[in-house]
Amino acid sequence: MGDHEAVRRFAAEATVETDAIARARAHALEIGANPISPEVGAQCAVIAAASRALNIVEIGTGGGVSGLWLLHGSPRATLTTIDKEPEHLAVARQAFTDARVPAARVRFITGRAADVLPRMNEASYDIVLIDADPEGAIEYVEHGLRLVRAGGTVLVPRVLAGGAVADPVKRGPIESAYRSLIQETQASPAVLGALSIVGEGLLQLTTVADPS
């Protein structure tokens, strides 16, 4: 095991999930929902806590895992969760119920992100988490940046595609989409961006009030 892999393994083993999130993860995996890793979840929780988020949107429920992590960081927040798979939303709904999250604090929307996001109010959210189709990542991030307030944050997990994005030989649609997303956002004066390599990777984009 190389040093880099040892660091990743240590970070994974050092992250502790609550019982509610662990149960949600188990149920999500049963239906193939592919939730975010505990390491990425913990980072999302810290960002939610640091920003004192009150209004959060997530695209892709992950069976409730990502939403529970976000609410773990900001217990007073209201979460809107969007997914095109009704089964994933149903499992997420049960996960929030089991975690005793008040029903009024979670809104569930069934539909494709490309159809739902254009209808949402701009500059109305503190955090937008995008865990959806990689090929549409740039489009979803553009919507996410429109939806967050000045100083709000867009979070994109899985941007390293299992390490494939760092391999220039790999030029598939997923690798190309994530490379373009990282390059374009890092060069943009409208956002402050950071790329975490823990877990499956997490791109963090915080909007600035005056890009000039």
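All figures in this text were calculated on a predicted structure; none of them were measured in a lab. (Residues numbered from 1 in each chain as written. Predicted model: local features only at pLDDT ≥ 70, side-chain atom pairs only at ≥ 80, totals over all residues. Heavy atoms only, no water.)

### Re empty space enclosed by the protein
Phase 1 of the analysis: Enumeration according to the criterion identifies one cavity of 30 Å³ or more in this entry.
Phase 2 of the analysis: In this structure, the largest cavity encloses a volume near 40 Å³.
Phase 3 of the analysis: Lining the largest cavity, in full, are Ala20, Arg23, Ala24, His27, Ala95, Asp98 and Ala99.
Phase 4 of the analysis: For the lining of the largest cavity, the secondary structure elements donating two or more residues are helix H2 (19-30) and helix H5 (86-98).
Phase 5 of the analysis: Sorting elements by how many residues they give to the lining of the largest cavity places H2 first, with four residues.
Phase 6 of the analysis: Grouping the amino acids of the lining of the largest cavity by side-chain chemistry returns four nonpolar, one polar and two charged. (1 Å grid on protein atoms, 1.4 Å probe; cavity = no way out; pocket = protein on both sides within 12 Å on 5 of 7 lines; lining within 4 Å. Points joined across faces, edges and corners; volume = space filled by probe spheres on them. Helix = DSSP H or I, 4+ residues; strand = E, 2+ residues; numbered from the N terminus. Nonpolar A, V, L, I, M, F, W, Y, C, P; charged D, E, K, R; others polar.)

### A few points about the sheet that holds strand E3 (residues 106-110)
Phase 1 of the analysis: Pairing within the open sheet is mixed, and its seven strands lie in the order E3-E2-E1-E4-E5-E7-E6. The open sheet terminates on both sides in strands that have one partner only, identified here as E3 and strand E6 (191-196). Taking the axes of each pair of neighbouring strands and ignoring which way they run, one obtains an average angle of 15° across the sheet.
Phase 2 of the analysis: Across five bridges, the pairing between strand E1 (residues 55-59) and strand E2 (residues 78-83) is parallel. Paired with Val57 across the two strands is Thr80, which belongs to E2.
Phase 3 of the analysis: Lying on the sheet, helix H7 (residues 137-147) is in contact with strand E4 (125-130), strand E5 (148-157), E6 and strand E7 (202-207); it crosses E5 at an angle near 150°.
Phase 4 of the analysis: On the sheet, helix H8 (residues 173-186) packs against E5, E6 and E7 and is oriented at approximately 30° with respect to E7. (Pairing = 2+ DSSP bridges. Axes fitted to C-alpha atoms, helices over the stretch in contact; angles between N-to-C directions. Contact = heavy atoms within 4.5 Å.)

### Some remarks on the layout of surface pockets
If you roll a probe as big as a water molecule over the atoms, it shows you where there is empty space left.
Phase 1 of the analysis: Each pocket or cavity is described by its volume, and for the largest pocket that value is around 430 Å³.
Phase 2 of the analysis: Around the largest pocket, the lining is made up of 25 residues, and of these Gly60, Lys84, Asp131, Ala132 and Asp133 lie nearest the centre.
Phase 3 of the analysis: Listed by contribution, the elements that provide at least two residues to the lining of the largest pocket are E2, H7 and E5.
Phase 4 of the analysis: Here the lining of the largest pocket is composed, by residue class, of twelve nonpolar, six polar and seven charged.

### Quick look at the packing of H7 against H8
Axis angle and axis distance: for two packed helices, these are the angle between their axes and the distance between the axes, and together they describe the pair.
Phase 1 of the analysis: Running from N to C, H7 and H8 cross one another at 35°; their axes reach a closest spacing of 9 Å. The segment H7 lies against H8, with Ala137, Ile138 and Val141 engaging Ala177, Tyr178, Ser180, Leu181, Glu184 and Thr185.
Phase 2 of the analysis: Looking at the contact of H7 with H8 residue by residue, the classes come out as six nonpolar, two polar and one charged.

### A few points about the packing of aromatic side chains
Phase 1 of the analysis: Counting across every chain of the model gives one aromatic pair.
Phase 2 of the analysis: Consider the rings of Phe96 and Phe108, whose centres lie 6.0 Å apart with planes at 50°: the pair is tilted. Of this pair, Phe96 sits in helix H5 while Phe108 sits in strand E3, and the two are twelve residues apart along the sequence.
Phase 3 of the analysis: Given a relative accessible area of 3%, Phe96 falls into the buried group.
Phase 4 of the analysis: Note on Phe108: relative accessible area 22%, which makes it partly exposed.
Phase 5 of the analysis: Here Arg93 stacks its cationic end above the ring of Phe108, 4.1 Å away from the centre of that ring. (Phe/Tyr/Trp six-rings, centres within 6.5 Å; stacked < 30°, edge-to-face > 60°. Buried < 20%, exposed > 50% of the residue type's maximum accessible area, 1.4 Å probe, protein only. Lys NZ or Arg CZ within 6 Å of the ring centre and 35° of its normal.)

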